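Understanding the architecture of this molecule
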Amino acid sequence: MKKSGLGLLMLMVLASGCYKPKDERVYVREGIRSDSLDNNIVTRPVAHAFSGLIGEGLEITEAVTRRNDAGFLELYVSGLNNSFNTKRFRYRVEWLDADGLIVQTKTSTWLPMSAMGKSPFSIKVVAPRTNAVNFRMDTRKWE
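Computed from a predicted model, the values in this text were never measured in an experiment. (Residues numbered from 1 in each chain as written. Predicted model: local features only at pLDDT ≥ 70, side-chain atom pairs only at ≥ 80, totals over all residues. Heavy atoms only, no water.)

Pairing is antiparallel across the open sheet formed by 3 strands, whose spatial order is S1-S2-S5. Strands at the two margins of the open sheet, each flanked by one partner only, are strand S1 (58-67) and strand S5 (120-126). If you compare each strand with its neighbour and ignore which way they point, the axes differ by 15 degrees on average. (Pairing = 2+ DSSP bridges. Helix = DSSP H or I, 4+ residues; strand = E, 2+ residues; numbered from the N terminus. Axes fitted to C-alpha atoms, helices over the stretch in contact; angles between N-to-C directions.)

Another aspect to go through is the pattern of salt bridges. Applying the stated criterion across every chain, the model contains 3 salt bridges. Across the salt bridge formed by Arg 92 and Glu 94, the nearest N and O atoms sit 3.9 Å from each other. With a relative accessible area of 22%, Arg 92 lands in the partly exposed category. Taking the relative accessible area as the measure of exposure, Glu 94 reaches 15% and is therefore buried. Put simply, Arg 136 and Glu 94 hold a salt bridge, and the shortest N to O gap is 2.8 Å. Placement of Arg 136 in strand S6 (residues 134-141) and of Glu 94 in strand S3 (residues 87-96) is noted, with a sequence separation of 42 residues between them. Assessed through its relative accessible area of 41%, Arg 136 is described here as partly exposed. (Salt bridge = Lys/Arg side-chain N within 4 Å of Asp/Glu carboxyl O. Buried < 20%, exposed > 50% of the residue type's maximum accessible area, 1.4 Å probe, protein only.)

For Asp 97, the position within the fold is in the loop between S3 and strand S4 (111-115). Residue contacts for Asp 97: discarding those within four places in its chain leaves Val 103, Asn 131 and Val 133. (Contact = heavy atoms within 4.5 Å.)

A word on unusual backbone geometry. Phi is positive for Lys 118, close to 55 degrees, though the residue is something other than glycine. Along the chain, the position of Lys 118 falls in the loop between S4 and S5. The class for Lys 118 is partly exposed, based on a relative accessible area of 24%.

Here Glu 56 is to be found in the loop between helix H2 (44-54) and S1. As a C-alpha pair, Glu 56 and Phe 84 span 28 residues in sequence and 8.3 Å in three-dimensional space.

The next point concerns the nonpolar core. The nonpolar side chains of a soluble globular protein tend to be buried with one another. One finds Tyr 91, Val 93, Trp 95, Met 113, Phe 121, Ile 123 and Val 125 to be the most contacted residues of the largest nonpolar core, which totals 15 residues. When residues of this core are traced back to their parent elements, those giving at least two are strand S2 (73-81), S3, S4 and S5. Top element by residues in this core is S3. It accounts for 4 residues. Not counting the four nearest positions on each side in its chain, Met 113 is found in contact with Lys 87, Arg 88, Phe 89, Tyr 91, Phe 121, Ser 122, Ile 123 and Trp 142. (Core = buried A, V, L, I, M, F, W, Y, C linked by side-chain atoms within 4.5 Å.)

Now the structure itself:
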């Protein structure tokens, strides 16, 4: 029993030593890239189950605002789905004025979005009025 545990530990050390940092601008999908512990045909079911067990999901990596040439505030949100499964969700952006009050608009509705497993995603939203200076974004499950 001790030998199999030691063998597994050595395999994990060997596999982690072969890791090469990747350029995040290029994503090679599962089935095309070289095998690793998380996408090998033998270990994939375990990796997927573990991903669900620990509750991997969406991670927002960046939220940037800027004013466009017409004076409207634009919001760019970038993120990564850390799960192996496609995550379907809804999001809503509420625009705020200089006093922190919600800019009343009909466009502040829940919009559908999905992010494929182990993939980056992005959302772009433009404020409906020029008096918006900030935002508040909310997400919920797609039901």
